[in-house]
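Architecture and fold: a report
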Amino acid sequence: MTPTDATPAVVLSGAAGRIGTYLRRTDGGLAARGWGLRLLDAAEPDDVGPEETFTLADITEEESRDALETAMAGADAVVHLAGIPSEDSWTRLRRANVDGTFRVLEAARRTGVRRVVLASSNHAVGYYPLGEVARVDDTPRPDSFYGVTKVAGEALGSLYADKYGVEVVSLRIGMCADRPRTTFDLGIWLSPADVVRLVDAALRGPVDGPVVAYGVSANTRGWWDLTSARDLGYDPQDDGEVFADDVEAYDWPDVLGHGMVATDPLA
Ligand SMILES: NC(=O)c1ccc[n+]([C@@H]2O[C@H](COP(=O)([O-])OP(=O)(O)OC[C@H]3O[C@@H](n4cnc5c(N)ncnc54)[C@H](O)[C@@H]3O)[C@@H](O)[C@H]2O)c1
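Residues numbered from 1 in each chain as written. Predicted model: local features only at pLDDT ≥ 70, side-chain atom pairs only at ≥ 80, totals over all residues. Heavy atoms only, no water.

**Thoughts on helix 2 (residues 64-72)**
- Buried within helix 2 are the following residues: Ser64, Leu68, Glu69, Ala71 and Met72. One side of helix 2 holds all its buried residues, which, seen down the axis, span an arc of 160 degrees. In this structure, helix 2 carries Asp66 and Thr70 as exposed residues pointing more than 90 degrees from its buried face.
- Along its buried surface, helix 2 packs onto strand 1 (9-13), strand 2 (36-41), strand 3 (53-56), strand 4 (77-80) and helix 3 (90-111).
- Just downstream of helix 2 lies glycine 74, where phi reads positive at about 80 degrees. (Buried < 20%, exposed > 50% of the residue type's maximum accessible area, 1.4 Å probe, protein only. Helix = DSSP H or I, 4+ residues; strand = E, 2+ residues; numbered from the N terminus. Arc of directions from axis to C-beta. Contact = heavy atoms within 4.5 Å.)

**Regarding the packing of helix 3 against helix 4 (residues 145-164)**
- Contact pair helix 3 / helix 4: the axes reach a minimum separation of 9 Å and the direction vectors enclose 15 degrees. In terms of orientation, helix 3 and helix 4 fall into the roughly parallel class. At the point where helix 3 passes helix 4, the crossing takes the right-handed sense. From helix 3, Trp90, Leu93, Arg94, Asn97, Val98, Thr101, Phe102, Leu105, Glu106 and Arg109 reach across to helix 4, where they touch Phe145, Tyr146, Val148, Thr149, Lys150, Ala152, Gly153, Leu156, Gly157, Tyr160 and Tyr164.
- When the residues that make up the contact of helix 3 with helix 4 are grouped by side-chain class, the tally is twelve nonpolar, five polar and four charged. (Axes fitted to C-alpha atoms, helices over the stretch in contact; angles between N-to-C directions. Parallel < 35°, antiparallel > 145°, perpendicular 65-115°, else oblique. Left-handed = near helix turned anticlockwise from the far one by under 90°. Nonpolar A, V, L, I, M, F, W, Y, C, P; charged D, E, K, R; others polar.)

**A few points about the nonpolar core**
- The biggest cluster of nonpolar side chains holds 46 residues, and the ones touching the most others in it are Leu23, Leu30, Val79, Leu171, Val195 and Leu203.
- The element contributing the most residues to this core is helix 6 (residues 192-204), with seven residues.
- Beyond its immediate stretch of four places on either side in the chain, leucine 171 contacts Val117, Leu118, Ala119, Ser120, Ser121, Leu198, Val199, Ala202 and Ala213. (Core = buried A, V, L, I, M, F, W, Y, C linked by side-chain atoms within 4.5 Å.)

**Concerning the sheet that holds strand 9 (residues 211-215)**
- Taken together, the seven strands give an open sheet; going across it, the order is 3-2-1-4-5-6-9, and neighbouring strands pair in parallel fashion. Across the chains shown, the open sheet's two edge strands, defined by having one partner strand only, are strand 3 and strand 9. The sheet shows a mean angle of 20 degrees between the axes of neighbouring strands, direction not considered.
- As paired strands, strand 2 and strand 3 are joined by four bridges and run parallel to one another. Paired with arginine 38 across the two strands is threonine 53, which belongs to strand 3.
- Its contacts with the sheet put helix 2 on strand 1, strand 2, strand 3 and strand 4, and the angle it makes with strand 2 is roughly 170 degrees.
- Each of strand 5 (115-121), strand 6 (167-173) and strand 9 is contacted by helix 4, which is oriented at about 160 degrees to strand 5, the strand it contacts most. (Pairing = 2+ DSSP bridges.)

**A closer look at the site of the ligand**
- Lining the immediate environment of the ligand, one finds 25 residues, of which Ile19, Asp41, Asp58, Tyr146 and Cys176 sit closest.
- One of the backbone N or O atoms of arginine 18 is found 2.9 Å from an oxygen atom in the ligand.
- Contact between the ligand and tyrosine 146: an oxygen atom at 2.6 Å from a side-chain N or O atom of the residue.
- Mapped by element, the contributors of at least two residues to the shell around the ligand are helix 1 (18-23), strand 5, helix 4 and strand 7 (175-176).
- When residues of the shell around the ligand are assigned to their parent elements, the largest contribution, three residues, is made by strand 5.
- Residue composition of the shell around the ligand, by class: 14 nonpolar, seven polar and four charged. (Near = heavy atom within 4 Å. Polar contact = N/O pair within 3.5 Å; in protein donor to acceptor, adjacent residues only side chain to side chain.)

Functional significance is not addressed by these values, which are geometric in nature.
Dropping the structure here:
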C-alpha cells in the first residue's frame with residue numbers, strides 16, 4: 001500500500017530486530033494494513049524500503065531526545081521494541097529497557113503521539129508456576145532482571161496513560177520466532193503473522209486506561225488468558241502444534257524463572 005498524507009504513521013523503535021523485521025514484511029506486514037512506517041534503531045537495517053524512513057538513534061543516550069522527537073513528530077503511534085531482549089546485567093538492562101522506555105514515552109507525550117505499544121514479556125510474570133494463568137491484573141512476578149525491566153516498562157506505560165492521557169498498550173509477548181524449537185515453545189509461540197495481527201490490534205483497538213495483554217498464537221498447548229488481547233481485536237490464526245512432531249523435548253523447570261539466570265548482575 002502506498003502511503004499518502006492520510007496514512008497514519010507509526011514509529012517502530014528497534015525496527016532492525018527480529019520482531020521489527022516481521023512487522024516490516026512487505027508480504028502482510030503493518031504497511032499492508034495501512035500504516036506508514038518510520039523506522040528507528042541504533043543499527044540501520046540494510047533494506048530500508050522506499051516507503052519507509054529511518055532514524056539512527058540510541059535510546060540509552062540522553063542526546064537521542066531530538067532524534068526521537070523528530071521521528072515522532074506528526075506520527076499517530078509508536079511501537080516500542082528497542083531494548084535488550086533477554087537476561088543481562090542490571091546496569092545494561094536498566095539503561096536500555098527502563099531509561100530507554102522512559103525516553104520513548106516522554107518523546108511520545110511531548111510530540112502528541114496518540115498511542116504507544118510497548119513490547120513487554122512473559123518474563124514479567126515468569127515466577128507463576130507454568131500452566132497457571134496469570135491474569136493481566138495479577139501482581140507481576142518477574143523471573144529475572146530482564147523481567148523486572150519489563151514490569152517497570154508496564155508501570156511507566158500505566159503512568160503515561162493515567163497522568164498524561166497517552167494510550168498505552170503493553171504486550172506480554174511469548175516466544176516470537178519463525179517457529180517453535182522445543183515442546184515448551186509450543187505453548188508460548190507467537191508466529192510472525194500473528195505478531196503483525198497482534199500489534200495491528202494493539203494500535204487500533206479500543207482502550208480505556210492502560211492496557212496489558214498477552215501475546216501468543218492460538219496454540220493448542222497455550223495456557224495464557226488472551227481476553228484483553230481479543231478485546232483489542234486480536235484474532236490469532238496460527239498454532240505451534242503444527243510443529244509438534246519436529247521439536248525437541250525440553251525438560252524445562254516447573255517455573256519459567258529458574259531458567260533465566262544473570263551471569264553477572266553487577267557487570
Ligand atoms: N522475540 C521474542 O520472543 C520476544 C518475547 C518477549 C518480548 N520481546 C521484546 O520485544 C522487543 C523486540 O524483541 P526482538 O526479539 O525483536 O529483539 P532484537 O534483539 O532482535 O531486536 C531489538 C532491536 O532493538 C535495537 N536496540 C537495542 N538497543 C537499542 C538502543 N539502545 N537504542 C536503539 N535501538 C536499540 C537493536 O539494534 C535491535 O534491532 C524487545 O523489547 C524484547 O524484550 C521479544
